[in-house]
Amino acid sequence: MSESPFLNQLATELSERESKSLYRRRRVLDSPQGARVMCNGCEVLNFCSNDYLGLANHPSVVAAAQQGAAEWGVGSGAAHLVAGHFTPQHTLEERFAAFSGKPAAILLSTGFMANLAVIPALLGRGDAVFADKLNHASLNDACQLARADFKRFAHNDVAQLERLLAQSDAKRKLIAVDAVFSMDGDIAPLAQYLALAEQYDALLYIDDAHGFGVLGEGRGTLAELGLDSPRIIYMATLGKAAGVAGAYIAAEQVVIDYLINTARSYIYTTAAPPLLACALHASLDVIEHDKARRERLLSHIRYFKQFFATELVDAPCELLPSDTAIQPLIVKDNATAVALSQALLDAGLLVAAIRPPTVATPRLRVTLSAAHSDDDVKLLCREIKRVLMAAEQG
Ligand SMILES: *Cc1c(COP(=O)(O)O)cnc(C)c1O
């Protein structure tokens, strides 16, 4: 025990977490991201990255980053509004706007910062934001930071959202949702949300961290669902399927101009290195032209779901209905989630156990990638079946 009660309190809280199987430790990877990674000195098959298209270590993307460093150096040296806005970033914004079918786009350093940029810039006291209860943590924090009335509705509950909108007398209204839920893999009913946005004169903010690159021929969830409206503000993150880092927001020109002028997490931060924009140009080339990659991922998703539907109907777990790369396997408690994840790791498979407070119900979160081979996915299925059977027999 130390002399500081403050420090002692921290230590006590951590040991409480430990006793509830909620203590978090980082794994140190000693290789690039990919289907196989070196983890604690062993090679393992990786089923927990969000590198859905296998672009994080793609040769043409890596080469573009190297070329970008040679041409533009390493650091941006300033914020975008000062002296840190470079040609590859500017042209990338134009490409992303066109790719999303929007008049304009803006790049941010991370998806977390994009959410923190948009919501507090657009809303303040007297306004209201309507948010799904399962939205990503960064979206929740952004809503809180905005100081607007923060109204949360049950997951995908269109009727409850409508009641909240009908009761609201806020000046500005924004509906803010994940398009693909990061821990559940399901897709929000965006067409219904858009109809409500029109009916109640709201804007609709969509966080497509897990749809971009994967759904809608790579254009994301809006393209998948065939939705388009000036009321929609679209955000995609670029550290997942795009394999690099960052995020972009695509919207009406007036929205983008407003963000450039008022969004604090855009204005008061050093711009990301321009070499990342160079890498993202190459990544977007792959997303636009390499259809086979996306098709391989979709075929893995179909195989995995089919395996559960046929081979694991009676298993002591529930595979949530998801058609995306995120396949969550709900298990009975935290300790089971941790034990199953450890048993899979012992067999050379990395599958994350996700526990409260990240989610309400503990689960294994399997993510599939175009980087995986058919054999990788078959092995995963076989091993999950084996550890589930072994766990059942105690
Ligand atoms: C990962 C994620 C973010 C944050 O994006 P980063 O670029 O990793 O900061 C935001 N929203 C959702 C839904 C995410 O899954």
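Residues numbered from 1 in each chain as written. Predicted model: local features only at pLDDT ≥ 70, side-chain atom pairs only at ≥ 80, totals over all residues. Heavy atoms only, no water.

1. Notes on the packing of helix H13 (residues 334–346) against helix H14 (residues 374–392)
- Running from N to C, H13 and H14 point in directions that differ by 130 degrees, and their axes come no closer than 10 Å. Between H13 and H14, the interaxial angle falls into the category oblique. As H13 packs across H14, the resulting crossing turns out to be right-handed. Of the residues in H14, those touching H13 at Leu340, Ala343 and Leu344 are Glu383, Ile384, Val387, Leu388 and Ala391.
- Residue composition of the contact of H13 with H14, by class: seven nonpolar, no polar and one charged. (Axes fitted to C-alpha atoms, helices over the stretch in contact; angles between N-to-C directions. Helix = DSSP H or I, 4+ residues; strand = E, 2+ residues; numbered from the N terminus. Parallel < 35°, antiparallel > 145°, perpendicular 65-115°, else oblique. Left-handed = near helix turned anticlockwise from the far one by under 90°. Contact = heavy atoms within 4.5 Å. Nonpolar A, V, L, I, M, F, W, Y, C, P; charged D, E, K, R; others polar.)

2. Observations concerning the pattern of salt bridges
- The final tally for this structure, using the stated rule, is 13 salt bridges.
- The shortest N-O distance in the salt bridge between aspartate 323 and lysine 305 comes to 2.9 Å. Of this pair, aspartate 323 sits in the loop between strand E10 (318–319) and strand E11 (326–330) while lysine 305 sits in helix H12 (residues 291–311), and the two are 18 residues apart along the sequence.
- Looking at lysine 305, the relative accessible area reads 26%, which means it is partly exposed.
- The network of salt bridges with shared partners includes Arg36, Glu43 and Asp376. (Salt bridge = Lys/Arg side-chain N within 4 Å of Asp/Glu carboxyl O. Buried < 20%, exposed > 50% of the residue type's maximum accessible area, 1.4 Å probe, protein only.)

3. Some details on the pairing of strand E7 (residues 203–207)
- Along E7, four of the five residues are buried, which leaves the element largely enclosed by surrounding structure.
- Relative to E7, strand E6 (residues 173–178) is paired through five bridges, and the arrangement is parallel. Its bridge partner lying in E7, alanine 176 is registered against tyrosine 205.
- Read from E6 through helix H7 (residues 190–199) to E7, the crossover connection turns out right-handed. (Pairing = 2+ DSSP bridges. Right-handed = clockwise from strand over helix to strand, strands pointing away.)

4. Examining the side chain of threonine 367
- With respect to the secondary-structure elements, threonine 367 resides in strand E14 (residues 363–367).
- Relative accessible area serves as the criterion here: at 1%, threonine 367 is assigned to the buried category.
- A polar contact is formed between the side chain of threonine 367 and the backbone oxygen of serine 49, at a distance of 2.6 Å.
- Ignoring anything within four residues of it in the chain, the contact list for threonine 367 reads Phe47, Cys48, Ser49, Asn50, Tyr52, Ala325, Ile326 and His372. (Polar contact = N/O pair within 3.5 Å; in protein donor to acceptor, adjacent residues only side chain to side chain.)

5. A word on the packing of aromatic side chains
- Going through the model one piece at a time under the given rule, you end up with nine aromatic pairs.
- Taken together, a centroid distance of 5.8 Å and an interplanar angle of 70 degrees make the contact between phenylalanine 153 and tyrosine 193 edge-to-face. Of this pair, phenylalanine 153 sits in strand E5 (residues 149–153) while tyrosine 193 sits in helix H7, and the two are 40 residues apart along the sequence. This pair shows no difference in class: phenylalanine 153 is buried, exactly as tyrosine 193 is.
- Between phenylalanine 212 and tyrosine 248 the ring centres are 5.7 Å apart and the planes differ by 80 degrees, which places this aromatic pair in the edge-to-face class. In this pair, phenylalanine 212 is assigned in the loop between E7 and helix H8 (221–225) and tyrosine 248 in strand E9 (residues 247–251), connecting sequence segments 36 residues apart. (Phe/Tyr/Trp six-rings, centres within 6.5 Å; stacked < 30°, edge-to-face > 60°.)

6. A word on the sheet that holds E14
- Spatial ordering of the open sheet is given by E10-E11-E14-E13, a layout of four strands whose pairing is antiparallel. Two strands lie at the open edges of the sheet, namely E10 and strand E13 (352–354), each paired on one side alone.
- Of the strands in this sheet, E10, E11 and E14 touch H12, which is tilted by about 20 degrees from E11.

7. Observations regarding the environment of aspartate 208
- Within the secondary structure, aspartate 208 sits in the loop between E7 and H8.
- Using a relative accessible area of 0% as the deciding quantity, one classes aspartate 208 as buried.
- Taking the C-alpha atoms as reference points, aspartate 208 and serine 182, 26 residues apart in sequence, are found 9.6 Å from one another.
- In contact with aspartate 208, other than residues within four places in its own chain, are Ala179, Val180, Gly220, Thr221, Tyr234, Met235 and Ala236.

8. Focus on the side chain of asparagine 140
- Within the secondary structure layout, asparagine 140 lies in helix H5 (residues 137–145).
- Residues in contact with asparagine 140, not counting those within four places in the same chain, are Asn135, Phe150 and Arg152.

9. Digging into the site of the ligand
- The ligand sits among 14 residues. The nearest are Gly111, Phe112, Asp207, His210 and Lys240.
- Within the backbone of glycine 111, one N or O atom sits 2.7 Å away from an oxygen atom of the ligand.
- Side-chain polar atom of histidine 210 to an oxygen atom of the ligand: 2.5 Å apart, as the coordinates give it.
- For the ligand, whose free accessible area comes to 380 Å², the fraction covered by protein is 83%.
- If one sorts the elements of the shell around the ligand by residue count, helix H4 (residues 111–122) sits on top with three residues.
- For the shell around the ligand, the residue count by class is two nonpolar, nine polar and three charged. (Near = heavy atom within 4 Å. Areas by Shrake-Rupley, 256 points an atom, 1.4 Å probe, with all protein chains shown as cover.)

10. Quick notes on the UniProt feature "binding site: pyridoxal 5'-phosphate" (unreviewed entry) in the chain
- Mapped onto the present numbering, the UniProt feature "binding site: pyridoxal 5'-phosphate" (unreviewed entry) falls on Gly111, Phe112, Ser182, His210 and Thr237. Across 127 residues, the annotated set stays spatially compact, with a maximum C-alpha separation of 13.5 Å.
- On the secondary structure map, glycine 111 appears in helix H4.
- Setting aside chain neighbours within four positions, we find glycine 111 in contact with Met235, Thr237, Gly246 and Ala247.
- One can find phenylalanine 112 in helix H4. (UniProt positions renumbered as here; feature names shortened; annotations may be inferred.)

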